[in-house]
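# Structure assessment
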Amino acid sequence: MYQALYRKYRPRFFRDVAGQEHITSVLSKEVAEGTFGHAYIFTGSRGIGKTTCAKILAKAVNCPNEKDGEPCGECPVCTGIDDGSLLDVTEMDAASNRNIDDIRDLRSEANFTPAVAKYRVYIIDEAHMLTKEAANALLKIMEEPPEHVIFILATTEVHKLPATILSRCMRFDFRRMPPEVIAERVKYVCRREQIEIEDEAALLIGKLADGGMRDALSLLDICRSADGAVTPDTVSRCAGLAGREYLFELTDRIAERDMPGILSCVDKLYAGSADISRICDELINHFRNLMLISCMKDASAVVKALPGEMLRLEKQAKALSQPEIFYDISVLQDALVKMSKSAAKRLEFELALVKICTPALSQSPEALIARIERLEQEIKLLKARGVAPAADGAQTVAEVPAQPEQKPVFTAPAQPSADAPAETSTGEKPFDEWESVLDVLQRKKPMLFALLTGSKAYLSGGRVLIDAPNETFITFMQKNSDMREDIKNAITEVCGQRFGIGPYKKPETKPETDPLAELEKRARDAGIELI
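Residues numbered from 1 in each chain as written. Predicted model: local features only at pLDDT ≥ 70, side-chain atom pairs only at ≥ 80, totals over all residues. Heavy atoms only, no water.

Turning to the overall build of the protein chain, a few remarks are in order. The helix and strand tally for the protein chain stands at 23 helices and 9 strands. Pairs at least 24 apart in sequence give 73% of the contacts found in the protein chain among residues at least 6 apart. Working note: accessible area of the protein chain is about 30000 Å², and carbon and sulfur atoms make up 51% of it. (Helix = DSSP H or I, 4+ residues; strand = E, 2+ residues; numbered from the N terminus. Contact = heavy atoms within 4.5 Å. Areas by Shrake-Rupley, 256 points an atom, 1.4 Å probe, with all protein chains shown as cover.)

Take a look at the structure:
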């Protein structure tokens, strides 16, 4: 019967474990010096060697021919542990043996001395799946274990284990393996199996494995069935990377704010029986790649993509600003959470895409920052085309086509509140500490600081009146009590005194002359008789 590659090439010695040298060196030294403990916790993501190292440790402490902390691999104890026939070493799956009765059976058996080996070793995989009662029962024997018993707990979610168990174990954190390390191991297996593979294909397998050697060898097992050499194209087809064109199409339409095109694309995917939740998840990962590219000079090492896809990803990352990418990811993540609780998954996904294309529908800070960023880009584009504001702040008719009159964003409240007085008293003076307040907000509340860019403040009695050029800030300050409290706290931190806050209302300047009198004078000068 054919044996899977990840089983056939499972390491049997500490020296063969790739990418976990910080752990294997310590374990082999403890065995060599006889200072190993009675309880261990191996934690880390899947497929990176936790159970493998547990079995090697079980062999090393029991091997009669142990040398420098390594088992011989040939004695009856080593071969019995490898094939699972040695009853003194028990590997238990806590996902299926998680109840208190299972742990009681284990405790009863642990009291007996081993039949063949020196120590009874219990390897409990997925230990976080134990029930609370079972974990408490296990704790009892771990507090005062028999001298011939060793416990090795392996888990992917160590935070779910009780602190009482964690405190009684030696903890080892396994790392995700770098793609280069996985690629070297893949090429080694290919040489042994006489599989022809290209270097780029091995590296792509390393990236797609997400740090897990087992996933890498499982993917290689699928690729070996393809005709000829294993190429990057072979890996992409076997891993399901091919056919991701819809991700690029959706992203292009999002960058263009093409809402009809986006909804049409979703309709085609839905008609093809695509899983909407998976599409949303893949789109989140796609935007994660765009975020990495926009934040790093060279993101090729961390982005899971084919070499040909990197150019398209870089182009899309340039078409979207960082605030827009962050906003899009947050909206898609919220939609994915809602899909898990809703039967109308398609509707939730479509609502999310519409919200992405229309940030004005959202009042979240991420949406506001994305809108500000897009406005700044449009202003830069207008300036690059030679469209500049006039001297008095208004653009000339020749430069910009006439636009319909827009209503102001902020309307004064019907009744004055403590934080936003309808009228300001006379005698305001500049608030000299405002720049220091902005520095505090920049450190602690960067999104709020962005809204206050270019702002000034005036002191009027016990209130600080804020003159912000961004009118949207006034609306947000009215509706968001947390925002008002953040500003007050920043002022208190700088001044050591609590102030109220409100919007600064610029005084209305009266005309030097009466327009009606001026009109009357000009009419009389022109000889027009007035009644």
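That shown, we press on.
Turning to the pattern of salt bridges, a few remarks are in order. Under the defined criterion, the tally for this structure stands at 23 salt bridges. Among the salt bridges present, the one from Asp267 reaches Arg346, with a minimum N-O distance of 2.8 Å. Of this pair, Asp267 sits in helix H13 (residues 259–271) while Arg346 sits in helix H17 (residues 345–357), and the two are 79 residues apart along the sequence. For Arg278, the salt bridge goes to Glu282, with nearest N and O atoms at 3.1 Å. With Arg278 and Glu282 both in helix H14 (residues 276–295) and 4 residues apart, this pair spans about one turn of that helix. Given a relative accessible area of 54%, Arg278 falls into the exposed group. (Salt bridge = Lys/Arg side-chain N within 4 Å of Asp/Glu carboxyl O. Buried < 20%, exposed > 50% of the residue type's maximum accessible area, 1.4 Å probe, protein only.)

Our next topic: the side chain of Lys50. You can see Lys50 is positioned in helix H3 (residues 50–62). Buried charge without a salt bridge: Lys50, with Glu126 as the nearest opposite-charge side chain at an N-O distance of 6.0 Å. Dropping the residues within four chain positions of it, Lys50 is found in contact with Phe42, Thr43, Gly44, Ser45, Ala154, Thr155, Thr156 and Phe174. (Lys, Arg positive; Asp, Glu negative; His and termini not counted.)

Attention shifts here to the environment of Lys315. Mapped onto the elements of the fold, Lys315 is located in helix H15 (residues 307–319). When the C-alpha positions of Lys315 and Ile293 are compared, they lie 9.9 Å apart, and in sequence the two are 22 residues distant.

What follows concerns unusual backbone geometry. One non-glycine residue with positive phi stands out, namely Glu126, at about 50°. Tracing the sequence through the fold places Glu126 in the loop between strand E3 (120–125) and helix H6 (132–143). Of note in this structure, Arg257 is not a glycine but carries a positive phi near 55°. Mapped onto the secondary structure, Arg257 falls in the loop between helix H12 (245–255) and H13.

Here we take up the packing of H14 against H17. Put simply, H14 and H17 touch, their axes get as near as 9 Å, and they point 30° apart. Taken together, the axis directions place H14 and H17 in an arrangement best described as roughly parallel. Counted together, Ile276, Ser277, Ile279, Cys280 and Leu283 of H14 and Lys345, Arg346, Phe349 and Leu353 of H17 form the full contact between these two elements. Of the residues in the contact of H14 with H17, the class split is 6 nonpolar, 1 polar and 2 charged. (Axes fitted to C-alpha atoms, helices over the stretch in contact; angles between N-to-C directions. Parallel < 35°, antiparallel > 145°, perpendicular 65-115°, else oblique. Nonpolar A, V, L, I, M, F, W, Y, C, P; charged D, E, K, R; others polar.)

Let us now look at the packing of aromatic side chains. With the rule as written, the count across this model stands at 8 aromatic pairs. With a centroid separation of 5.8 Å and an interplanar angle of 25°, the aromatic rings of Tyr122 and Phe151 are classed as stacked. Taken together, the positions of Tyr122 in strand E3 and Phe151 in strand E4 (residues 149–155) put the pair 29 residues apart, joining distant regions of the chain. Phe151 shares its class with Tyr122; the two are buried. (Phe/Tyr/Trp six-rings, centres within 6.5 Å; stacked < 30°, edge-to-face > 60°.)

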